[in-house]
Amino acid sequence: MSAAPGTDWLALLDIEQVKVVSPQLKKAAEYLRGSRNTEQGWGAFKGSPTDLHNTALAIQAIRRYSDSDSMALVVDVSLYVRSSVASQLGNLSAGELRSLVAILRAESSIDEEDDLLKQAESALLKRLESFDPDTWPLTKACAYAEVLIAHDKSLPPPMQTFLNRLLEQQRADSGAWPLLGDEGPSSLATASVLLLLSHFTAAKFAKESARAVRFLEMHIEQAGGWKGVPLAASVPQHALLLRALGRTSTASVSTVLEGTRLLRVRQLSDGGWGSRDA
């Protein structure tokens, strides 16, 4: 059964060197539009209940397609989400706030005075103030920060504090980040931090990013290539690793292209990505 392929599609779109995926992206767009459920959003699978996380992934992917039908759908879904959550903002989790910000930011003509967006961003930034690397998985913390940094790199004090604490967690010996506190190096956590840092100019975090790239490429090489990477068993995790490397200027082009090729061949006949056995 195919899951909504938002993460996977974004990975392919982010690899700018690859132009041959357009037919597959078109098929993925058709799958996404067709898998929207009667509640006006998306769930993890076609027909499953709407949730903010999967709706955000789908909308971010559709927004990148940029044709008129896709843009109209983005606006339509955004209006639905606004009406659904406006009165519940104070009850949303950090993950739900992150998804809400992503959906509102996907609108084509965003109003900078958008009160709901400002409230959601402010609430999410406040959550980041309590970041604790011993209890917060870095993958989640980076996802929360990325949706804010992608549109505002001014780094207010809470965000600067978050970044400083994040950089302190990079391992001196490997260049990797742990998922939590004193755990060992994690390729998934390292990819998450690298993706976050990629939103800044190449020079700002050049040293930290270069060390992270070397760790991830060594991780892939030691596994015997992308097919041997444990993360490859999960398409969204494969896609995250690929997006992180694809957005840097120091990653090996051949490594990125091979990872993209293997992601492309895992697309299912209906245009989505997921388990062939479900």
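What counts, and at which threshold
- Residues numbered from 1 in each chain as written.
- Predicted model: local features only at pLDDT ≥ 70, side-chain atom pairs only at ≥ 80, totals over all residues.
- Heavy atoms only, no water.
- Axes fitted to C-alpha atoms, helices over the stretch in contact; angles between N-to-C directions.
- Helix = DSSP H or I, 4+ residues; strand = E, 2+ residues; numbered from the N terminus.
- Parallel < 35°, antiparallel > 145°, perpendicular 65-115°, else oblique.
- Left-handed = near helix turned anticlockwise from the far one by under 90°.
- Contact = heavy atoms within 4.5 Å.
- Nonpolar A, V, L, I, M, F, W, Y, C, P; charged D, E, K, R; others polar.
- Core = buried A, V, L, I, M, F, W, Y, C linked by side-chain atoms within 4.5 Å.
- Buried < 20%, exposed > 50% of the residue type's maximum accessible area, 1.4 Å probe, protein only.
- Phe/Tyr/Trp six-rings, centres within 6.5 Å; stacked < 30°, edge-to-face > 60°.
- pLDDT = per-residue confidence, 0-100.
- Expected span 1.5 Å × (residues − 1).
- Polar contact = N/O pair within 3.5 Å; in protein donor to acceptor, adjacent residues only side chain to side chain.

What is the right way to look at the packing of helix H7 (residues 138-149) against helix H9 (residues 187-197) in this model?
A pair of packed helices can be characterised by two numbers: the angle between their axes and the separation between those axes. One way to put it is that H7 packs onto H9 with a least axis distance of 9 Å and a crossing angle of 10°. In terms of axis orientation, H7 runs roughly parallel to H9. In terms of crossing hand, the pair formed by H7 and H9 is left-handed. On the side of H7, the interface is formed by Leu-138, Thr-139, Cys-142, Ala-145, Glu-146 and Ile-149, while H9 contributes Leu-188, Ala-189, Ser-192, Val-193, Leu-195 and Leu-196. Across the contact of H7 with H9, the residue classes tally to nine nonpolar, two polar and one charged.

Would you mind showing me how to read the nonpolar core here?
Burial of nonpolar side chains together is a common tendency in soluble globular proteins. In terms of nonpolar packing, the biggest core is built from 77 residues, with Met-159, Phe-162, Leu-163, Leu-166 and Leu-245 touching the most fellow members. The residues contacting Met-159, other than those within four sequence positions of it, are Leu-125, Leu-128, Ala-145, Leu-148 and Ile-149.

How should I be thinking about the packing of aromatic side chains in this particular structure?
Enumeration according to the criterion identifies four aromatic pairs in this entry. When the centroid spacing of 5.9 Å and the interplanar angle of 85° are considered together, the rings of Phe-131 and Trp-136 count as edge-to-face. Judged by centre distance (6.1 Å) and plane angle (80°), the rings of Trp-136 and Tyr-144 are edge-to-face. Of the two residues examined, Trp-136 and Tyr-144, each falls in the buried class. Grouped by ring-pair contacts, the aromatic residues Phe-131, Trp-136, Tyr-144 and Phe-162 constitute a single cluster.

Before we go on, may I ask you to explain the confidence of the model for the chain in this structure?
Any segment with low pLDDT has predicted coordinates that should not be analysed in fine detail. Counting all residues, the mean pLDDT for the chain is 83, and 87% of those residues have values of 70 or more. Within the chain, strand E2 (residues 177-178) carries the highest mean pLDDT (96), whereas helix H1 (residues 6-14) carries the lowest (49). Throughout residues 15-21 the model reports pLDDT below 50, and contacts reaching past four residues in sequence, or to other chains, amount to 10 contacts.

Even after reading the chapter, I still don't get the packing of helix H11 (residues 235-246) against helix H12 (residues 253-265), so can you show me in this structure?
Where H11 meets H12, the axes come as close as 10 Å, and the angle between the chain directions of the two elements is 155°. As far as their axial angle goes, H12 and H11 are roughly antiparallel. When the axes of H11 and H12 are compared, the crossing they make is left-handed. Contacts between H11 and H12 pair Val-235, His-238, Ala-239, Leu-242, Leu-245 and Gly-246 from the former with Thr-255, Val-256, Gly-259, Thr-260, Leu-262 and Leu-263 from the latter. Tallied by class, the residues present in the contact of H11 with H12 amount to seven nonpolar, five polar and no charged.

Explain helix H8 (residues 157-168) here, please?
Spacing of three or four residues puts side chains on the same side of an α-helix, whose turn is 3.6 residues. Along its 12 residues, H8 runs 17 Å from first to last C-alpha, staying within 8% of the 16 Å computed at 1.5 Å per residue. Buried residues along H8 sit in contact with helix H6 (115-128), H7, E2 and H9.

Explanation requested: the side chain of Thr-190 in the structure shown.
By secondary structure assignment, the location of Thr-190 is in helix H9. Using a relative accessible area of 0% as the deciding quantity, one classes Thr-190 as buried. Within the local environment of Thr-190, its side chain forms a polar contact with the backbone nitrogen of Trp-177, the two atoms lying 2.9 Å apart. Setting aside its immediate chain neighbours within four residues, Thr-190 contacts Gly-175, Ala-176, Trp-177, Ala-212, Phe-215 and Leu-216.

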